[in-house]
Amino acid sequence: MKKLGNLLCTAIALIAMTSCGAFKSYVADYSIGLKTVESPANAKQQFGDTKVVNFQDGTTNKYRYEDDYINIVWYVGSKQFNFDLTNKSGHTLKINWDDISYVDYKGQTGQVMHSGVKYNERNNSQPASTVPKGASLSDLLLPTDNVYFVSGQYGGWREKYLIPCVYNDAATRDAQASSYVGKTIMMPIMIENVQNDYTFTFSIYVTYLLPFTFLHAVHYPYFITILIESLPTLARTKDSETA
């Protein structure tokens, strides 16, 4: 209870500080959507016609890719890629997690972890998953480079946002927020002991840019979480400016 109270006080203090300018923050909000899918060689002849469809599931924006062998639905969160994969083939599919690669918003390549992997074991080898014919797999992909540990009373394991969303000044926000390139996930799927490399490319769209105010705290509570996680960086920057 004491810890919860302290966190609430921190949130209230953050609102006051951002309103007064002590730690004035500028926030960019993004949407990430599936743009293109590069199927294995000769996919049209081998897997039939392919298609990518965007649809709404309640308030969640989702993207579906489908061919004769797989049906995969992607919905991207602020920190991870979620997907539902259905095996349409007449064979068992295998996903080799160690072989999945991820290209981030800066164009840098990294590895991913999926659901069930402990944070402190994120860099270890991950056993492959099999999906029997007609079955489905719901999982997620989290870039391992985005996982880190914070020491101290309120420390613990943390996850970075897929795209930086809090900036110290408007000029930096406006310059960087619109310059990020799309993200790419290369997912090898074994079909009848043959590796088929699916490459999913996602586009990044800036939905709005704004300074943080009390109004945003009321209508967009997740901004409080963003600011709490960004507070150490903002504080270091503020110290360097006044030194």
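Residues numbered from 1 in each chain as written. Predicted model: local features only at pLDDT ≥ 70, side-chain atom pairs only at ≥ 80, totals over all residues. Heavy atoms only, no water.

A. Main features of a negative patch on the surface. Among the surface-exposed residues, Glu38, Asp98, Asp99 and Asp197 lie close enough to one another that they form a single negatively charged patch. Checked against the element boundaries, Asp99 lands in the loop between β6 (93-95) and β7 (101-103). (Patch = residues over 30% accessible without salt bridge, like charges linked within 9 Å, V, L, I, M, F, W, Y side chains within 5 Å. Areas by Shrake-Rupley, 256 points an atom, 1.4 Å probe, with all protein chains shown as cover. Salt bridge = Lys/Arg side-chain N within 4 Å of Asp/Glu carboxyl O. Lys, Arg positive; Asp, Glu negative; His and termini not counted. Charge placed at Lys NZ, Arg CZ, Asp CG, Glu CD. Helix = DSSP H or I, 4+ residues; strand = E, 2+ residues; numbered from the N terminus.)

B. Inspection of the pattern of salt bridges at higher detail. With the rule as written, the count across this model stands at two salt bridges. Its salt-bridge partner being Asp57, residue Lys62 comes within 2.7 Å of it at the nearest N-O pair. For Asp57, a relative accessible area of 40% puts it in the partly exposed group. (Buried < 20%, exposed > 50% of the residue type's maximum accessible area, 1.4 Å probe, protein only.)

C. Fine view of the nonpolar core. Trp74, Leu141 and Phe200 are the most contacted members of the largest nonpolar core, which totals 42 residues. If one sorts the elements of this core by residue count, strand β1 (residues 26-38) sits on top with seven residues. Other than its neighbours up to four places away in sequence, Leu141 contacts Trp74, Gln80, Phe81, Phe83, Trp97, Ile100, Val112, Met113, Ile185 and Met187. Core analysis: the second largest hydrophobic core is formed by five residues, Met113, Val117, Leu140 and Leu142 among them. (Core = buried A, V, L, I, M, F, W, Y, C linked by side-chain atoms within 4.5 Å. Contact = heavy atoms within 4.5 Å.)

D. Spatial organisation of the pairing of strand β5 (residues 81-87). When you tally the buried positions in β5, you get five out of seven residues, the bulk of the element. Relative to β5, strand β4 (residues 70-76) is paired through seven bridges, and the arrangement is antiparallel. Bridge pairing in β5 links Val76 to Phe81. The hairpin turn running from β4 into β5, its antiparallel successor, is four residues long. Taken together, the six bridges between β5 and strand β10 (residues 136-143) define a ladder with antiparallel strand orientation. Bridged to Phe83 within β10 is Asp139. (Pairing = 2+ DSSP bridges.)

E. Region of interest: the side chain of Thr199. Assignment of secondary structure puts Thr199 in strand β15 (residues 194-211). The contact partners of Thr199, leaving out residues within four places of it in the chain, are Thr36, Val37, Glu38, Thr184, Ile185 and Met186.

F. Molecular detail of unusual backbone geometry. The phi dihedral of Glu192 falls on the positive side, at around 55°, and the residue is not glycine. For Glu192, a relative accessible area of 47% puts it in the partly exposed group. With a phi angle near 65°, Asn193 is a residue other than glycine that sits in the positive phi range. Within the secondary structure, Asn193 is located in the loop between β14 (183-191) and β15.

G. Region of the structure containing the packing of aromatic side chains. Under the defined criterion, the tally for this structure stands at 12 aromatic pairs. Between the aromatic rings of Trp74 and Phe81, the centroid separation amounts to 6.5 Å while the plane-to-plane angle is 90°, which identifies the pairing as edge-to-face. For the ring pair Phe149 and Trp157, a centre distance of 5.4 Å and an interplane angle of 70° mean the geometry is edge-to-face. Of the residues examined, Phe149 reaches a relative accessible area of 52% and is grouped as exposed. Following the ring pairs from residue to residue traces out a cluster consisting of Tyr65, Trp74, Phe81, Phe83, Trp97, Tyr102, Tyr198, Phe200 and Phe202. (Phe/Tyr/Trp six-rings, centres within 6.5 Å; stacked < 30°, edge-to-face > 60°.)

H. View of the confidence of the model for the protein. Chain-level statistics for the protein give a pLDDT mean of 78 and a share of 70% at 70 or above. Looking at the elements of the protein, mean pLDDT is at its lowest for helix α1 (residues 2-20), recorded as 42, and at its highest for β10, recorded as 97. Counting contacts from residues 1-23, a segment whose pLDDT is below 50, to residues more than four positions away or on other chains yields 26 contacts. Segment residues 233-241 is flagged for pLDDT under 50; beyond a separation of four residues in sequence, or across chains, it makes 10 contacts in the model. (pLDDT = per-residue confidence, 0-100.)

I. Local environment of the pairing of β14. Along β14, seven of the nine residues are buried, which leaves the element largely enclosed by surrounding structure. Bridging between β6 and β14 involves three bridges; their strand directions are antiparallel. Counterpart to Ile95 in the pairing with β14 is Ile189. In terms of strand pairing, β7 meets β14 through three bridges, oriented antiparallel. When the bridges of β14 are listed, Val103 appears paired with Thr184.

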